[in-house]
Amino acid sequence: MDYRTSHLDQLESEAIYVIREVAAQFERPVLLFSGGKDSITMAWLARKAFYPARIPFPLMHIDTGHNFDETIDFRDDFIKKIDARLIVALVQDSIDQGRVQEEKGPNPMRNALQTTTLLDALEAHKFDAALGGARRDEEKARAKERFFSHRDEFGQWEPKNQRPELWDLYNGHKHAGEHFRVFPLSNFTEMDIWMYLKRENVPLPSLYFSHKREMVNRNGVLLAVGPHNKVLDHEKSEEMVIRFRTIGDIPCTGAVASTADSIDKVIEEVAATRLTERGGRADDKRSETAMEDRKKEGYF
């Protein structure tokens, strides 16, 4: 009998252990679900963690209203497939209530506005832990995260005040009004995610695979043209063969020119690329500390 454990088995076991710790330590956890590959992986792991029972906590999507149609269609189909409960919190509601203000300009981004909608939803549903799909290899601010990331009563993150996690012991103690963000995929890499999705034969949005789409090159980022991202007077769009490495708010989600139309070809492409996964995200290019600043305010 072969007792060796593969690298993916170890990552899966670690993530399932963290997810079960959340269910054991917190009264009202929630899994943040965007319809992207990382949150899909996390939901799949949560399903395996408690199978044959249902996932014992809901999934929640912070919907900017600027999502790709393919993302929303996939979200609804996937939720049915794994028999999960879904809560949708709308950024548009936050705008209508005067909680946030839409950015000015021809193509306003709503990515940063999600923070207020998220914090309001966590408070409204009294969630005390929110599982997120962030990975340490994605971005330097995310590399600072623990598995259990403490947030204060204002939902803010202070990297210097995070707790040690020696011997895989996770301290979920909190005061009233505080909560935790939990990142079961912390030690996965982008390649690990793709290899795991292939092994498990997990369904994925078509956006991740090569297809034709009208695009515009804006400051070096390939952006999809549509009702939420119009071509400016000095720009020219063209039909291109592309795919997306990340999925988010349309005005800030960059694509890559690619002919990778299968998961095997995507894996080959990821292995060869020198561009970071979030290198095409327009929201991360606003400043050197864009992600860390947003995380300190309560972002995912």
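Keep in mind the model is a prediction, meaning the values are calculated, not measured. (Residues numbered from 1 in each chain as written. Predicted model: local features only at pLDDT ≥ 70, side-chain atom pairs only at ≥ 80, totals over all residues. Heavy atoms only, no water.)

**A short note on the overall build of the protein**
Reasoning step 1: Scanning the protein for helices and strands turns up 8 helices and 10 strands.
Reasoning step 2: Buried residues in the protein amount to 54% of all 300 residues.
Reasoning step 3: Long-range pairs, those at least 24 residues apart, make up 73% of the contacts in the protein between residues at least 6 apart in sequence.
Reasoning step 4: Per element, the accessible surface of the protein, about 14,600 Å² overall, is 49% carbon and sulfur. (Helix = DSSP H or I, 4+ residues; strand = E, 2+ residues; numbered from the N terminus. Buried < 20%, exposed > 50% of the residue type's maximum accessible area, 1.4 Å probe, protein only. Contact = heavy atoms within 4.5 Å. Areas by Shrake-Rupley, 256 points an atom, 1.4 Å probe, with all protein chains shown as cover.)

**Things to note about the nonpolar core**
Reasoning step 1: Within the largest apolar cluster, 59 residues are counted, with the highest numbers of intra-cluster contacts made by Leu31, Leu59, Phe78, Phe148 and Trp194.
Reasoning step 2: Counting residues per element, this core draws most heavily on helix α2 (residues 37-50), which supplies 8 residues.
Reasoning step 3: Beyond its immediate chain neighbours, meaning those up to four positions away, phenylalanine 78 contacts Phe33, Ile40, Ala43, Trp44, Val202 and Pro203.
Reasoning step 4: In terms of nonpolar packing, the next biggest core, distinct from the first, is built from 15 residues, Met60, Ala89, Leu113 and Ala121 among them. (Core = buried A, V, L, I, M, F, W, Y, C linked by side-chain atoms within 4.5 Å.)

**Considering the packing of aromatic side chains**
Two aromatic rings are characterised by how far apart their centres lie and by the angle between their planes.
Reasoning step 1: Going through the model one piece at a time under the given rule, you end up with 10 aromatic pairs.
Reasoning step 2: Look at phenylalanine 50 and phenylalanine 57: their rings are 6.0 Å apart centre to centre, the planes differ by 90 degrees, and that puts the pair in the edge-to-face class. Comparing phenylalanine 50 with phenylalanine 57 shows no difference in burial state: the two are buried.
Reasoning step 3: These aromatic residues form a ring-pair network of at least three members: Phe26, Phe148 and Phe180.
Reasoning step 4: For the cation-ring pair, arginine 47 lies above tryptophan 44, with the distance from its terminal atom to the ring centre recorded as 5.3 Å. (Phe/Tyr/Trp six-rings, centres within 6.5 Å; stacked < 30°, edge-to-face > 60°. Lys NZ or Arg CZ within 6 Å of the ring centre and 35° of its normal.)

**Details of the pattern of salt bridges**
Reasoning step 1: Evaluation of the coordinates by the stated rule reveals 18 salt bridges.
Reasoning step 2: The salt bridge partner of aspartate 9 is arginine 199, with a shortest N-O separation of 2.7 Å. Pair noted here: aspartate 9 is in helix α1 (residues 7-25) and arginine 199 is in helix α6 (residues 190-200), with a separation of 190 residues, a long-range link.
Reasoning step 3: Connected via shared salt-bridge partners are Asp9, Glu12, Lys48, Arg199 and Glu200. (Salt bridge = Lys/Arg side-chain N within 4 Å of Asp/Glu carboxyl O.)

**Brief notes about the pairing of strand β8 (residues 221-224)**
Reasoning step 1: Side chains of β8 alternate between two faces, with Val221 and Leu223 and Leu222 and Ala224 buried alike.
Reasoning step 2: In this structure, strand β7 (residues 211-218) lies alongside β8, joined through 4 bridges in antiparallel fashion. Looking at β8, one finds that valine 216 is bridged to leucine 223.
Reasoning step 3: The loop that links β7 with its antiparallel partner β8 comprises 2 residues; one of these, asparagine 219, has a positive phi angle of about 55 degrees. (Pairing = 2+ DSSP bridges.)

**Focus: unusual backbone geometry**
Reasoning step 1: In this model, tyrosine 51 is joined to proline 52 through a cis peptide bond whose omega is 10 degrees.
Reasoning step 2: Within the fold, proline 52 resides in the loop between α2 and β2 (59-63).
Reasoning step 3: With a phi close to 60 degrees, lysine 126 is a non-glycine residue in the positive phi region.
Reasoning step 4: Tracing the backbone through its elements, the reader meets lysine 126 in the loop between α5 (114-124) and β4 (129-131).
Reasoning step 5: Residue asparagine 219 is not a glycine yet carries a positive backbone phi of 55 degrees.
Reasoning step 6: Along the chain, asparagine 219 falls in the loop between β7 and β8.

**Regarding the packing of α2 against α6**
Reasoning step 1: For the pair α2 and α6, the least separation of the axes is 11 Å and the interaxial angle reads 50 degrees. The orientation of α2 with respect to α6, classified from their angle, is oblique. Between α2 and α6 the crossing geometry is left-handed. Only Glu190, Ile193, Trp194, Tyr196, Leu197 and Glu200 of α6 make contact with α2, whose side of the interface consists of Lys37, Asp38, Thr41, Trp44, Leu45 and Lys48.
Reasoning step 2: When grouped by side-chain class, the residues that make up the contact of α2 with α6 number 6 nonpolar, 1 polar and 5 charged. (Axes fitted to C-alpha atoms, helices over the stretch in contact; angles between N-to-C directions. Parallel < 35°, antiparallel > 145°, perpendicular 65-115°, else oblique. Left-handed = near helix turned anticlockwise from the far one by under 90°. Nonpolar A, V, L, I, M, F, W, Y, C, P; charged D, E, K, R; others polar.)

**What about the packing of α1 against α6?**
Reasoning step 1: At their nearest, the axes of α1 and α6 sit 11 Å apart, and the two run at 95 degrees to each other. For the element pair α1 / α6, the angle class is roughly perpendicular. Residues His7, Leu8, Asp9, Leu11 and Glu12 of α1 form the contact with α6, whose participating residues are Asp192, Met195, Tyr196, Arg199 and Glu200.
Reasoning step 2: In terms of residue class, the contact of α1 with α6 is made up of 4 nonpolar, 1 polar and 5 charged.

**A look at the side chain of glutamine 114**
Reasoning step 1: Mapping glutamine 114 onto the fold places it in helix α5.
Reasoning step 2: Of the polar contacts made by the side chain of glutamine 114, one reaches the side chain of asparagine 111; its length is 2.6 Å. (Polar contact = N/O pair within 3.5 Å; in protein donor to acceptor, adjacent residues only side chain to side chain.)

**A short note on the pairing of strand β5 (residues 148-151)**
Reasoning step 1: With burial as the criterion, each face of β5 is covered, one bearing Phe148 and His150 and the other bearing Ser149 and Arg151.
Reasoning step 2: Across 4 bridges, the pairing between β5 and strand β6 (residues 179-182) is antiparallel. By the bridge assignment for β6, arginine 151 is matched with histidine 179.

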